[in-house]
Structure formats: C-alpha cells, structure tokens
Amino acid sequence: MDLLANVQGKLAALEAQSLTRRRRIAQSPCAPQQTVDGRAMLAFCSNDYLGLAAHPRVVEALREGASLYGAGSGASHLISGHSRAHALLEDRLAAFVAPNLVDARALYFSTGYMANLAVLTALGADADAMIFSEALNHASLIDGARLARAGVSVYPHGDVAALAAQLEASSAATKIVVTDSVFSMDGDLAPLPELLALCERHGAWLVVDDAHGFGVLGSKGRGALEHCALRSPNLVYVGTLGKAAGVSGAFIAAHASVIELMVQRARPYIYTTASPPAIAHALLTSLDIIEGEEGASLRAHLAALIAQLDDELALTRWQRPVSHTPIQPIVIGANDEALRVAAGLHAQGLWVPAIRPPTVPANTARLRITLSAAHTREQVAQLAAALNQLEAM
Ligand SMILES: *Cc1c(COP(=O)(O)O)cnc(C)c1O
C-alpha cells in the first residue's frame, strides 16, 4: 500500500513538527461558558463578537424561518433556490452598507470562503487583469487569487509604498487590490484610507474583506468602511455573517453592475445549492440587533473588555502586537511552547487556541484570544491573571 504509506508519512511529518490539529467537540451552544469534550470551559476562541450565535431572538428567528420556509432551499439561486428570505436579506444588507458605497446592491453567499472565491474570480477573470494581494490576507482570498485567470502580485503587510510601486509599474487592463480589513491572526487594521486613495488614483478596485469588522467596527456596526468614513465607487465590500452576525454566510456589496456580474458569472455563486432560507431569515434579526440600540451597547461593552485586557495583561517575554479589535494575539514563537501554554490554560478551564503555521508565519505561533460582548469583566480578569502567571512560570 504505497498510496497509504505516503499519506501516513505526511501525517507523521506534521506530528513531528507539532503541527497536528485536533478538533474539540463542543456540546453546548457557542457562548463563553461551554461544555467541551465533556468538560465545562470558559472559551476565548469564537468569532461570535457580539454574542449573537446563541442570542434568544436570533435562535427564535431561525426556528420561525424553518416554519416559514422549511429546511432546505432545494436548488441553486439561479434555478429555483432563491427564496423571499434571501431577497429580503440582500435588500436589508444593501441598505445597511449603502452610505459607504455608490449605487449599492448586495449578494448573499453560503460562506465567506465562497464569496471571496467569487469576487476575485469574477473581477479577475481575464488574463490581462492583475490582483494585488496583501501578504497576510485570509486563505480564502489567496485561493480566490489562485483560481482567477488574472496575474497575482503580493505586497508586504501594510506597505502602501510597495503597493504604490507595484501599481505604478503595472500595465494590467484591470487592477484589483485586495485586503483583509482586520487581519484575522493579528487583529490590526489595514490602512484603508491610503489604499483607497491609491486605488482611485490608479483606477483600481479595492476589495475589502471585512469578516472581522462587520457588526463590530463603526458606531452603527457597518464595519471598517464606516470606521474609516470611506465612500467610493471603487470599493467592493465583503462582509461575513457567521462571525459578529452570529449565524452563517456572507455577502458582497458593491455597485449594482458589479453584483450583476457576480450573478451572471461567479461560479461559487452559481454552482452551489442556496443555503437554507431559514438562515437568511434569522440574519434579518441579527441585523435588527446590530443596527439597533442593543448592538450599540454590545459594541460599547466589547470595547471596554478590550481595554480591560490591555490594562490587566502584564507580559514581558511574549509579544503583543498592537490590536484595538476583539482579536488579541499573544505571539509566543515556537509551536511546542505555544501548545504548552494553551495546555496550561486548558488545565485551568480556559480555552484559548494555539495558532501555528501555516495559518501564521513560521516561528510566530501564538495564542489567539478573541473577546466577545458575551464575556463579563470577571471572565476577562480571570484570563489575564492566568496568562500573567503562566508567563512567569
Ligand atoms: C472567516 C473568514 C473568512 C471566511 O468566512 P466564512 O464565512 O467563515 O467562510 C474570510 N475572510 C476572513 C478574513 C475570515 O476571517
């Protein structure tokens, strides 16, 4: 069995580098207090930034959506699976992000991964197009760029001058700059105003993946574009709905013509079964919360927790990259040490994942703490104390 020996050799190599990943089984809803592998844990690892994943109103809306629309959609959007719930959600999303876009329309996708494949393959469909991709972009953007026929040029993290030089030197017919807004393993923000100014000067699209900003950033929760007060016809916005919105899916919002091109040409949109309408129905309630007073007070509480963690952590050896978002990395370095610290937290009932290459660059294995408005001040204090103590050991 040479075939099997080859596979097993690859697994053994991962194990030897402390790169084997293991899934834990969550036995209760996504919330700070969870039962995981049969044990009560305090979790700092979800992207449920506003605590909507188990919010009673959202859960009830999902139940109601199932009563109204059934369990499944039955087909892809262009065949017969496009339900009233999807249409209502797209209209709500377009209206929500409209202040930051010109002639906005929105298109709902089953996942952010697929939305990113769609946006880059549709805009970058031609061989004479060029995608300028930020070095720390999410894997789904990297894969979208690989799948597109366009050329790909990677610019260093946060380096606007390097990007400017690349744009200057390029004779591509269509230029597409693509970046995460909030970097998913570091929590820092892309220099969006500078990037947009460059894109406008060079007639380039700016595709912004706001997976970690939608619902969280901006006083209304519209995300990174609101936070940076940007508005431009060059912007193509990707928001995901399985993180702060607490449910599942994603959307692309842009000028109506860009969205129409996606409907006509984007294969990750066309060749897949539409997600259950009940999910879209539940997301209408998520949006009610995000846009309303409750959303504003959840964001205020989350901001207070981020400031509290910053105050209470007193680390000297491990690195803390600057982050004002709910993603709070602690860079430890070696894979095995990151795993050891995560295990030390786990022994105290604290669940913080160790993130290792290839998700992050070599020798930057880290703990990735994510805070949620569902956490209490006491829970954050408990985490900070445990980390301070583990670092000193
Ligand atoms: C989570 C994430 C995605 C993928 O979204 P899903 O809806 O989970 O598929 C895309 N981009 C970034 C930056 C993300 O963090």
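Residues numbered from 1 in each chain as written. Predicted model: local features only at pLDDT ≥ 70, side-chain atom pairs only at ≥ 80, totals over all residues. Heavy atoms only, no water.

Draft legend 1. Structural detail: empty space enclosed by the protein. A full pass over the atoms with the stated rule returns 1 cavity of 30 Å³ or more. What the largest cavity holds in volume is close to 40 Å³. Among the residues making up the lining of the largest cavity, the classes are represented as 6 nonpolar, 5 polar and no charged. (1 Å grid on protein atoms, 1.4 Å probe; cavity = no way out; pocket = protein on both sides within 12 Å on 5 of 7 lines; lining within 4 Å. Points joined across faces, edges and corners; volume = space filled by probe spheres on them. Nonpolar A, V, L, I, M, F, W, Y, C, P; charged D, E, K, R; others polar.)

Draft legend 2. Spatial organisation of the site of the ligand. In the vicinity of the ligand lie 14 residues, with Gly112, Tyr113, Asp209, His212 and Lys243 positioned nearest. His138 is positioned such that a nitrogen or oxygen atom in its side chain is 3.4 Å from a nitrogen atom of the ligand. One of the side-chain N or O atoms of Lys243 is found 2.5 Å from an oxygen atom in the ligand. For the ligand, whose accessible area on its own is 380 Å², the fraction buried by protein is 82%. Looking at the shell around the ligand element by element, the count peaks at 3 residues for helix α5 (residues 112-123). (Near = heavy atom within 4 Å. Polar contact = N/O pair within 3.5 Å; in protein donor to acceptor, adjacent residues only side chain to side chain. Areas by Shrake-Rupley, 256 points an atom, 1.4 Å probe, with all protein chains shown as cover. Helix = DSSP H or I, 4+ residues; strand = E, 2+ residues; numbered from the N terminus.)

Draft legend 3. Just the domain arrangement of the protein, in detail. What the domain assignment lists for the protein is domain 1 (26-54 + 293-392) and domain 2 (70-291). One C-alpha centre belongs to domain 1, the other to domain 2, and the line joining them spans 27 Å. Every contact between the two is made by 24 residues of domain 1 and, on the other side, 22 residues of domain 2. In total, about 1700 Å² of surface goes out of reach between domain 1 and domain 2, with carbon and sulfur atoms giving 61% of it. (Domains from an automatic or database assignment. Contact = heavy atoms within 4.5 Å. Buried area = accessible area lost by both parts, 1.4 Å probe.)

Draft legend 4. Representation of the pattern of salt bridges in the model. In the structure shown here, the tally under the stated rule is 9 salt bridges. For Glu291, the salt bridge goes to Arg92, with nearest N and O atoms at 3.1 Å. In this pair, Glu291 sits in helix α12 (residues 277-291) while Arg92 sits in helix α4 (residues 84-97), placing the two residues 199 residues apart along the sequence. For Arg92, a relative accessible area of 26% translates into the label partly exposed. When salt bridges that share partners are traced, they join Arg92, Asp288 and Glu291 into one network. (Salt bridge = Lys/Arg side-chain N within 4 Å of Asp/Glu carboxyl O. Buried < 20%, exposed > 50% of the residue type's maximum accessible area, 1.4 Å probe, protein only.)

Draft legend 5. Molecular detail of the packing of aromatic side chains. Applying the stated criterion to the full structure yields 4 aromatic pairs. Plain terms: the ring middles of Phe109 and Tyr269 are 5.3 Å apart, the flat faces sit at 65° to each other, and that makes the pair edge-to-face. Placement of Phe109 in strand β3 (residues 104-109) and of Tyr269 in helix α11 (residues 267-270) is noted, with a sequence separation of 160 residues between them. Of the two residues, Phe109 and Tyr269, neither departs from the other in class, the shared state being buried. Of the aromatic side chains, those joined through ring pairs into one cluster are Phe96, Phe214, Tyr237 and Phe251. (Phe/Tyr/Trp six-rings, centres within 6.5 Å; stacked < 30°, edge-to-face > 60°.)

Draft legend 6. The environment of Glu226, seen in detail. Positionally, Glu226 belongs in helix α9 (residues 224-227). Among residues more than four places away in sequence, those in contact with Glu226 are Asn100, Leu217, Gly218, Ser219, Lys220 and Gly221. At 3.0 Å, the side chain of Glu226 forms a polar contact with the backbone nitrogen of Lys220. Among the polar contacts listed, one links the side chain of Glu226 to the backbone nitrogen of Gly221, at a separation of 3.3 Å.

Draft legend 7. Here's a closer look at the layout of surface pockets. The calculated volume of the largest pocket comes to roughly 780 Å³. Along the walls of the largest pocket sit 25 residues, with Arg22, Trp351, Pro353, Ala354 and Ile355 positioned nearest its centre. Looking at the lining of the largest pocket, the element that brings in the most residues is helix α14 (residues 335-347), giving 4 residues. When its residues are assigned to classes, the lining of the largest pocket shows 10 nonpolar, 8 polar and 7 charged. Looking at which domains feed residues into the lining of the largest pocket, each of domain 1 (26-54 + 293-392) and domain 2 (70-291) supplies at least three.

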